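Listed here are the chains, written in short residue letters.
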Amino acid sequence: MNPPVFIIPLWADLTAVALGGVQGALFAAGFQGQRRLDLLGVAIIGILLGMGGGLIRDLLLGVTPSTLQNNWYLLTAIGASLVGMLLSGIFQRLNRAIVLLDAVVIGLFGAFGTSKALALGLPAVPAVFVGVVAAAGGSVLRDVLMGLPVAIMHVGSLYAVAAGGGCAVLATVAAFGVPLPVAAVVGVVVTTVIRVLAVLFDLSLPEQRKLYRRKVAVETTGIPIIRVDDADA
């Protein structure tokens, strides 16, 4: 059976790039002191968040990056990041809107990555992987460039998990014969809902240290614990 045909609409791709650029500007606005960024720094972060996911996606798929085949991708990323920086004061007061914006961006990049992978004939599991990497790729590049801890590697609010859930649902729905554009919309919705709920209810995966301590506690149940106060007595 031939793989489904799927072409990412230019307006949809540019929307994702623009939203990523705005995210980059808001991120840059949070730096103070010696870490303050100028216009070039803001533009670079906007480009990374707006175009990074698409670049990584296409490199994984072995195709020419679509973000380098049209002038509008780079112009959109730069313009959105600068507009976001100028309006950062307004955006920062709209916390709920920022949470929703972040969730939609994750969903869009994840859905586009998984859909494009499926359209190129990749199996479902690798396609989901491509989608998750595309969703998180921009933020990873940003953190590496800024010398910051990579956010998705630490306890947080289900960033990559939300993308993985949406991409998995997308691949599952597409496997039942649903057209990829419709499946992509479903994937974006699922990712957005998971991400928003995770932020609102402060959900996260268990911390590694807690799992380790729980394991140690179980293994040493029969070993008496001597406290410092007891030893002094």
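Because the structure is a prediction, the values reported are computed rather than measured.

(A) The arrangement of the overall build of the protein in detail. Each helix and strand counted, the protein has ten helices and zero strands in total. Going residue by residue from the N terminus, the α and β elements of the protein occur as α-α-α-α-α-α-α-α-α-α. Looking at the protein as a whole, 41% of its 233 residues qualify as buried. Taking the intrachain contacts of the protein between residues at least 6 apart in sequence as the baseline, contacts between residues at least 24 apart amount to 77%. Of the roughly 13,400 Å² of accessible surface on the protein, 68% is carried by carbon and sulfur atoms.

(B) Spotlight on the pattern of salt bridges. Evaluation of the coordinates by the stated rule reveals four salt bridges. A salt bridge links aspartate 58 to arginine 57; the shortest N-O distance between them is 3.0 Å. Arginine 57 carries the same exposure label as aspartate 58, and that label is buried. For the salt bridge of aspartate 143 with arginine 142, the shortest nitrogen-to-oxygen distance reads 2.9 Å. Owing to a relative accessible area of 3%, aspartate 143 belongs among the buried residues under this scheme. Judged by relative accessible area, which is 13%, arginine 142 ranks as buried. Salt bridges sharing partners connect three or more residues here, namely Arg57, Asp58 and Lys116.

(C) Local environment of the side chain of aspartate 102. Structurally, the position occupied by aspartate 102 is in helix H5 (residues 95-119). At a separation of 2.7 Å, a polar atom in the side chain of aspartate 102 contacts the side chain of arginine 195. Excluding residues that lie within four positions of it along the chain, aspartate 102 makes contacts with Gln23, Tyr159 and Arg195.

(D) Broad picture of the nonpolar core. Phe112, Leu118, Leu170 and Leu180 are the most contacted members of the largest nonpolar core, which totals 28 residues. For this core, the secondary structure elements donating two or more residues are helix H1 (10-29), H5, helix H6 (124-146), helix H7 (159-175) and helix H8 (180-200). Tallying contributions element by element places H5 first for this core, with nine residues. By size, the runner-up hydrophobic cluster in this structure holds six residues, among which are Ala28, Ile45, Leu49 and Met146.

(E) Expanded view of a nonpolar patch on the surface. A surface patch of nonpolar side chains, about 660 Å² in accessible area, is lined by Val185, Val189, Val193, Leu197, Leu200, Phe201 and Leu203. Inspection of the secondary structure puts leucine 203 in the loop between H8 and helix H9 (208-219). Using a relative accessible area of 41% as the deciding quantity, one classes leucine 203 as partly exposed.

(F) Seen up close, the packing of H7 against H8. For the pair H7 and H8, the least separation of the axes is 8 Å and the interaxial angle reads 155°. One way to sum up the angle between H7 and H8 is to call them roughly antiparallel. Here the hand of the crossing between H7 and H8 comes out right-handed. Two secondary-structure elements touch here, H7 through Tyr159, Ala162, Ala163, Gly165, Gly166, Cys167, Val169, Leu170, Val173 and Ala174 and H8 through Leu180, Ala183, Ala184, Val186, Gly187, Val190, Thr191, Ile194 and Arg195. A class-by-class count of the residues in the contact of H7 with H8 yields 14 nonpolar, four polar and one charged.

The rules behind each value
- Residues numbered from 1 in each chain as written.
- Predicted model: local features only at pLDDT ≥ 70, side-chain atom pairs only at ≥ 80, totals over all residues.
- Heavy atoms only, no water.
- Helix = DSSP H or I, 4+ residues; strand = E, 2+ residues; numbered from the N terminus.
- Buried < 20%, exposed > 50% of the residue type's maximum accessible area, 1.4 Å probe, protein only.
- Contact = heavy atoms within 4.5 Å.
- Areas by Shrake-Rupley, 256 points an atom, 1.4 Å probe, with all protein chains shown as cover.
- Salt bridge = Lys/Arg side-chain N within 4 Å of Asp/Glu carboxyl O.
- Polar contact = N/O pair within 3.5 Å; in protein donor to acceptor, adjacent residues only side chain to side chain.
- Core = buried A, V, L, I, M, F, W, Y, C linked by side-chain atoms within 4.5 Å.
- Patch = residues over 30% accessible without salt bridge, like charges linked within 9 Å, V, L, I, M, F, W, Y side chains within 5 Å.
- Axes fitted to C-alpha atoms, helices over the stretch in contact; angles between N-to-C directions.
- Parallel < 35°, antiparallel > 145°, perpendicular 65-115°, else oblique.
- Left-handed = near helix turned anticlockwise from the far one by under 90°.
- Nonpolar A, V, L, I, M, F, W, Y, C, P; charged D, E, K, R; others polar.

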